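# Coordinate analysis (summary)
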Amino acid sequence: MLDNLLELTVFARIASTGSLSAAARDLDLSLAVVSKRLSALEARLGVRLIQRTTRRLSLTDEGHSFHARCVRILAEVQEAEAALSNSRDEVTGVLRITATRGFGRRWIAPLAVAFREQHPRVSVHLDLNDALVNIVDEGLDVAIRFGMLSDSSLIARPLAPNFRVLCAAPSYLAHKGMPKTPADLVTHDCIVFGPGPGKEWTFHRDGESVAVKITAAFHTNDGEAAHTLAVAGGGIVQKSVWDIGDDLGTGRLVRILPEFTVPAAPLQAVYANAQHLAPRVRRFVDFCSERLREAWRWGE
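Because the structure is predicted, anything quoted here is derived from the model rather than measured.

This part is about the sheet that holds strand 6 (residues 155–160). In spatial order, the strands read 4-3-5-14-6; together these five strands make up an open sheet with mixed pairing. Two strands close off the open sheet at either side, each with one partner strand: strand 4 (122–128) and strand 6. Between one strand and the next, the sheet's axes are offset by a mean angle of 25°, whatever the strand orientation. As paired strands, strand 3 (residues 93–99) and strand 5 (residues 142–146) are joined by three bridges and run parallel to one another. Residue pairing across strands places Thr 98 opposite Ala 143, the latter belonging to strand 5. The strands that helix 5 (residues 101–118) touches are strand 3, strand 4, strand 5 and strand 14 (267–271); relative to strand 4, the one it contacts most, it runs at about 180°. Docked against the sheet, helix 9 (residues 279–295) engages strand 3, strand 4, strand 5, strand 6 and strand 14, running at close to 30° with respect to strand 6.

Here it is as structure tokens:
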């Protein structure tokens, strides 16, 4: 079909320019290729389209009739290409997003609503899951995750700053006391969730690091459950400031050992292919980055 389209293009250009050499220059083809394509078209149609003399070319009656149809066909092809090109920039279709449960409920769900207000032709499928998900196998467009990229075939784009906070409820601290150093954590009840942080927590200060083995009073596969356990006074938890920042502001949780830093996973959008990213995915990632950076209020 592509060869047929090239033959039609060559014929239409010969008819409009009046010569094979001029058509060859316009199409950036060799004269031999133009002549060969014209001959192939005439052989396939079984009629002569152009009368050739030493001085000039002229369309036959069949050539005139075919040229009119040829112009319409090429115009429709150009219109189809233009429509497809425009659709590549149109934000439509199903946007399939996955995020962790707590962050997804608190941040991504409201952002998805705001995004769809701007792009009503998009429908959103939101999968909230604390487990790692293979976005390619699951047919997902983008994953919003805290963590380093383990699959080198995927693309990760940082969305906004992040740091972890060690915290507990005032009721727990009133009962167990406030830890003064990381070593004090060995006598405290700690809340562990997911594959990490594990039963050894690491802290940094002044270029030095210290690892402390902690006792997991609670272990859960759900980050939001760990958050709830901490607010209820169950113990000390490590959480992203995105998850517990508002609780710190209201006093429902109290930050512990603020002079120490805790290794933090970056907040990223992960997707499979940047080169052919659908407009809805690209725009949503841009939208999330812009809105999350605007929402950041916890310092550097």
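Core analysis: the biggest nonpolar cluster contains 41 residues, and Ile 108, Val 142, Ile 144, Trp 242 and Leu 292 have the highest contact counts within it. Looking at which domains feed residues into this core, each of domain 2 (90–162 + 265–299) and domain 3 (164–255) gives three or more. Excluding residues within four positions of it along the chain, Leu 292 makes contact with Phe 103, Trp 107, Leu 111, Leu 159, Ala 160, Trp 242 and Leu 267.

On to the packing of aromatic side chains. Across all of its chains, the model carries 12 aromatic pairs by this definition. Measuring from ring centre to ring centre gives 5.5 Å for Trp 242 and Trp 296, while their planes differ by 50°; the resulting arrangement is tilted. A residue pair is termed long-range when its members are at least 10 positions apart, and Trp 242 in helix 8 (residues 241–250) and Trp 296 in the segment after helix 9 qualify at 54 residues. Site record: aromatic cluster; members linked through ring pairs are Phe 103, Trp 107, Phe 146, Phe 163, Trp 242, Trp 296 and Trp 298. Residue placement shows Lys 239 over the ring face of Phe 193; its charged tip is 4.7 Å from the ring centre.

Next up on the list: the pattern of salt bridges. In the structure shown here, the tally under the stated rule is 10 salt bridges. In this structure, Asp 222 and Arg 101 form a salt bridge, with 3.0 Å as the shortest nitrogen-oxygen distance. Within this pair, whereas Asp 222 is found in the loop between strand 11 (215–220) and helix 7 (223–231), its partner Arg 101 is found in helix 5, the two being separated by 121 residues in sequence. In this structure, Lys 239 and Asp 243 form a salt bridge, with 3.3 Å as the shortest nitrogen-oxygen distance. Pair check on accessibility: Lys 239 and Asp 243 agree, each one buried.

With that out of the way, let us pick up the sheet that holds strand 8 (residues 189–193). Strand order across the open sheet formed by five strands is 11-8-12-7-13, with mixed pairing between neighbours. Of all strands in the sheet, those bounded by a partner on one side alone are strand 11 and strand 13 (254–255). In this sheet, strand 12 (residues 236–240) lies alongside strand 7 (residues 164–168) in antiparallel orientation, the contact comprising four bridges. Residue pairing across strands places Cys 167 opposite Val 237, the latter belonging to strand 12. Lying on the sheet, helix 8 is in contact with strand 7, strand 12 and strand 13; it crosses strand 12 at an angle near 115°.

Let us now look at the packing of helix 5 against helix 9. Where helix 5 meets helix 9, the axes come as close as 10 Å, and the angle between the chain directions of the two elements is 120°. Between helix 5 and helix 9, the angle is such that the two are oblique. In this structure, helix 5 crosses over helix 9, and the sense of that crossing is right-handed. Facing helix 5, whose interface residues are Phe 103, Trp 107, Ile 108, Leu 111, Ala 112, Ala 114, Phe 115 and Gln 118, helix 9 presents Arg 280, Arg 283, Phe 284, Phe 287, Cys 288, Arg 291, Leu 292 and Ala 295. Tallied by class, residues from the contact of helix 5 with helix 9 come to 12 nonpolar, one polar and three charged.

Criteria and cut-off values
- Residues numbered from 1 in each chain as written.
- Predicted model: local features only at pLDDT ≥ 70, side-chain atom pairs only at ≥ 80, totals over all residues.
- Heavy atoms only, no water.
- Pairing = 2+ DSSP bridges.
- Helix = DSSP H or I, 4+ residues; strand = E, 2+ residues; numbered from the N terminus.
- Axes fitted to C-alpha atoms, helices over the stretch in contact; angles between N-to-C directions.
- Contact = heavy atoms within 4.5 Å.
- Core = buried A, V, L, I, M, F, W, Y, C linked by side-chain atoms within 4.5 Å.
- Buried < 20%, exposed > 50% of the residue type's maximum accessible area, 1.4 Å probe, protein only.
- Domains from an automatic or database assignment.
- Phe/Tyr/Trp six-rings, centres within 6.5 Å; stacked < 30°, edge-to-face > 60°.
- Lys NZ or Arg CZ within 6 Å of the ring centre and 35° of its normal.
- Salt bridge = Lys/Arg side-chain N within 4 Å of Asp/Glu carboxyl O.
- Parallel < 35°, antiparallel > 145°, perpendicular 65-115°, else oblique.
- Left-handed = near helix turned anticlockwise from the far one by under 90°.
- Nonpolar A, V, L, I, M, F, W, Y, C, P; charged D, E, K, R; others polar.

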